[in-house]
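A look at the structure
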Amino acid sequence: MALQQHIAAFYLTLWLLLHLSQSSAHIERASQPYMTSDATEIAGKSYDYIVVGGGTAGCPLAATLSEKYSVLVVERGGSPYGNPWITEKLFYGFSLLQTDELTSVAQAFVTEDGVQCHRGRVLGGSTAINGGFYSRASGDFVRRVGWDEEMVKEAYEWVESEVVSKPELTMWQAVVEFGLLEAGILPYNGFTWEHVEGTKISGSTFDAWGKRHTSADLLQMGNPENITVLLNATVKSIIFNSSGDGNKTIARGITFISSSGDGNQTYDYEAYLNHHGGDVILSAGALGSPQILLLSGIGPETHLSQLGIPVVLNSSQVGHGMKDNPGIALLVDSKPESRFPDAPQVAGITKGFEFIVEGGILPVSFNTTRIPVAVKLAFPESKGKLELNTTDPRRNPVVSFNYLKKDRDMDQCVKMAQLLKRVAGSPSVEIFLGYVPQNKNFFLSSSDEEMREFCRKNVRTFYHYHGGCGVGSVVDEDYRVYGVDGLRVVDGSTFLESPGTNPMATLLMLGRYQGVKILRERGELAY
């Protein structure tokens, strides 16, 4: 009877939140730039910049450029506002439970490795569906990629002023914190934005009231009169012209279609760049940006020819160097129960930054959750690739990450399993649960070979995909696509490794950083 009452209260809360969110949605949208899902409003118009993808990097980039220029943001999904599955921490993880091919806010896909994954399909991108854990990149990462450290600091602080909060730990997160320390992940660093060895509390994009702040909120930081957001529209390809002498390929605009509708839809719309030195900037993510380049005729010539795509530029590395950080997880509870979800607020970062450990409470249905402790490999050697299997831009490309294929990655996974054993079997976790965690005995008695088999069968994603448009192979250090004028890529597809505990903070920063850099290059901001 108590369980039935709990479930009834849960759905009453859901009903109230739906109505509260709907009543407040117009207030939130009032401070946002103009948004429309009507493609005919945009068709044929010109803008100084076109940002393809209103996600983690795209929104801060558009907001920054709008300070001086007109910007069109094209987002394949809808608005996050008024949707409690996105905005409320109470429903963290719900958006991953119900997905479809064309309209859900999370688009599911299965890699060629057989691993179930998701990608954001909503304004705000993956910041609208992830755990909200905010942590900066290490100083070493910033120096390796050659960014200006003072500009990076200012860009992080710009993001943090609007969408990041210091969390109050939930009971389970406090347990995880002690469990990490008891497992030897030292020192204890308390609260910090920085990526440092040891156990730490970091920032969250969920505020003190449990409300999520996505990258879409950063659009308020720009000039709303200069930003137009086109929702529910998928870019089909980039429009190119040749220079007068025919020696240069120049991006001049985009072709796009409605994201919804049946698969036979063929009506195309176009939007263009003004002739003032602006760019088409792809910020569609590690899967979306290489996919759009390939659909536009930029990629390996043989692959493009197989699909009948006219070759604009034979760029052999588009879609190559795809990486995802392999992880494994251990369920410490014995069965699904009716608990509220809990997003990670604490992380354990081992020596050399090799492993990242977190714990959460994840929904497995709309009224039950499980409690996993999970660990990821920060620097995998294994790489895969992304290719097209259709020219419909709304469908997922084919991607493989070759999880744990390199011997070193598998050796590291065995060490990750041993680390999970220590965390899950820590005194704090056992006291919290009131019993010995599920599967603990397996780890206590397992040989290295048994652990390798466990890794092979249970490897999972942390959703930190990167690569496909790498700096130095597809784009230069200013994120301009080699061989094409007026075209850039600014998102995680350019990364050679995933920064920090996870890339969200650095991608948010990168959008701001690159926007400021472009404005400075054009003389619109002082150095």
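Quick caveat: nothing in here was measured; it's all calculated off a predicted structure.

We now examine the overall build of the protein chain. Each helix and strand in the protein chain was counted, giving 14 helices and 29 strands. For 527 residues, the compact-globule estimate of 2.2 N^0.38 gives 24 Å, and the C-alpha radius of gyration of the protein chain, at 23 Å, lies within 12% of that figure. The distance from the centre of the 45 positive side-chain charges to the centre of the 58 negative ones in the protein chain is 3 Å.

Moving on to the state of the cysteines. For the coordinates displayed, the defined rule picks out one disulfide. Paired by a disulfide, C413 and C455 hold their sulfur atoms 2.2 Å apart. Given an S-S torsion of about -100 degrees, the disulfide between C413 and C455 has left-handed geometry. Pair noted here: C413 is in helix α10 (residues 407–424) and C455 is in helix α13 (residues 448–458), with a separation of 42 residues, a long-range link. The exposure class of C455 is buried, given its relative accessible area of 0%. Unpaired in this structure, C117 has its nearest cysteine sulfur neighbour in C413, at a distance of 16 Å. No disulfide involves C469; its sulfur sits 18 Å from that of C117, the nearest cysteine.

UniProt annotation of "binding site: FAD" (unreviewed entry) refers to V122, V235 and G492 when read in the numbering used here. Setting aside residues no more than four positions away along its own chain, V235 makes contact with V52, V74, I254, T255, F256, I292 and P393. When you line up the elements, G492 lands in the loop between β29 (487–489) and α14 (504–521). By relative accessible area, G492 is classed as buried at 9%. Excluding anything up to four places from it in sequence, G492 contacts H466, G467 and L507.

In this section: the environment of L313. Locating L313 in the fold gives a position in strand β17 (residues 313–314). Residue classification places L313 among the partly exposed residues on the basis of a relative accessible area of 22%. Counting along the chain gives 170 residues from L313 to G483, while the straight-line C-alpha distance between them is 7.4 Å. Leave out the neighbours within four places in its chain, and L313 touches G297, I298, G299, Y482, G483 and V484.

W147, L293 and L487 are the most contacted members of the largest nonpolar core, which totals 127 residues. Examining the composition of this core, we find that ten residues originate from one element, α14, more than from any other. V105, V122, A128 and I129 belong to the second-largest nonpolar core, a separate cluster that totals six residues.

Right, let's talk about the sheet that holds β29 for a bit. Pairing is parallel in the open sheet, where six strands are placed in the order β1-β11-β4-β3-β15-β29. Two strands close off the open sheet at either side, each with one partner strand: β1 (34–36) and β29. Along the sheet, successive strands turn relative to each other by an average axial angle of 20 degrees, direction set aside. Of the strand pairs in this sheet, β1 and strand β11 (residues 227–230) are connected by three bridges, and their pairing is parallel. Within β11, the position partnered with M35 by the bridge is V229.

Applying the stated criterion across every chain yields a total of 18 aromatic pairs. Note on F256 and Y269: the rings are 5.6 Å apart at their centroids and 20 degrees apart in plane angle, and the pair reads as stacked. Here F256 is found in strand β13 (residues 249–258), whereas its partner Y269 is found in strand β14 (residues 269–273), with 13 residues between them in sequence. The exposure class of Y269 is buried, given its relative accessible area of 18%. One aromatic cluster is present, formed by F109, F401, Y403, Y463 and Y465 through successive ring pairs.

The next point concerns the environment of H303. Here H303 shows up in helix α9 (residues 301–306). By relative accessible area, which is 8% here, H303 ends up buried. For the pair H303 and E387, spaced 84 residues apart in sequence, the C-alpha separation works out to 7.8 Å. Once residues within four sequence positions are removed from consideration, H303 is found in contact with L294, E387 and L388.

Here we have seven strands laid out as an open sheet, ordered β8-β9-β20-β21-β24-β19-β27, and mixed in their pairing. The outermost strands of the open sheet, each flanked by one partner alone, are β8 (188–191) and β27 (460–461). As judged from the five bridges shared by strand β21 (residues 355–359) and strand β24 (residues 372–377), these two strands associate in the antiparallel manner. Residue pairing for β24: G359 is matched across the bridge by V373. The strands that helix α7 (residues 171–182) touches are β8, β9 (198–201), β20 (346–349), β21 and β24; relative to β20, the one it contacts most, it runs at about 15 degrees. Along the sheet, α10 makes contact with β19 (326–331), β21 and β24, crossing β24 at roughly 150 degrees.

Quick notes on the rules
- Residues numbered from 1 in each chain as written.
- Predicted model: local features only at pLDDT ≥ 70, side-chain atom pairs only at ≥ 80, totals over all residues.
- Heavy atoms only, no water.
- Helix = DSSP H or I, 4+ residues; strand = E, 2+ residues; numbered from the N terminus.
- Rg over C-alpha atoms; globule rule 2.2 N^0.38 Å.
- Lys, Arg positive; Asp, Glu negative; His and termini not counted.
- Charge placed at Lys NZ, Arg CZ, Asp CG, Glu CD.
- Disulfide = S-S within 2.5 Å.
- Buried < 20%, exposed > 50% of the residue type's maximum accessible area, 1.4 Å probe, protein only.
- UniProt positions renumbered as here; feature names shortened; annotations may be inferred.
- Contact = heavy atoms within 4.5 Å.
- Core = buried A, V, L, I, M, F, W, Y, C linked by side-chain atoms within 4.5 Å.
- Pairing = 2+ DSSP bridges.
- Axes fitted to C-alpha atoms, helices over the stretch in contact; angles between N-to-C directions.
- Phe/Tyr/Trp six-rings, centres within 6.5 Å; stacked < 30°, edge-to-face > 60°.

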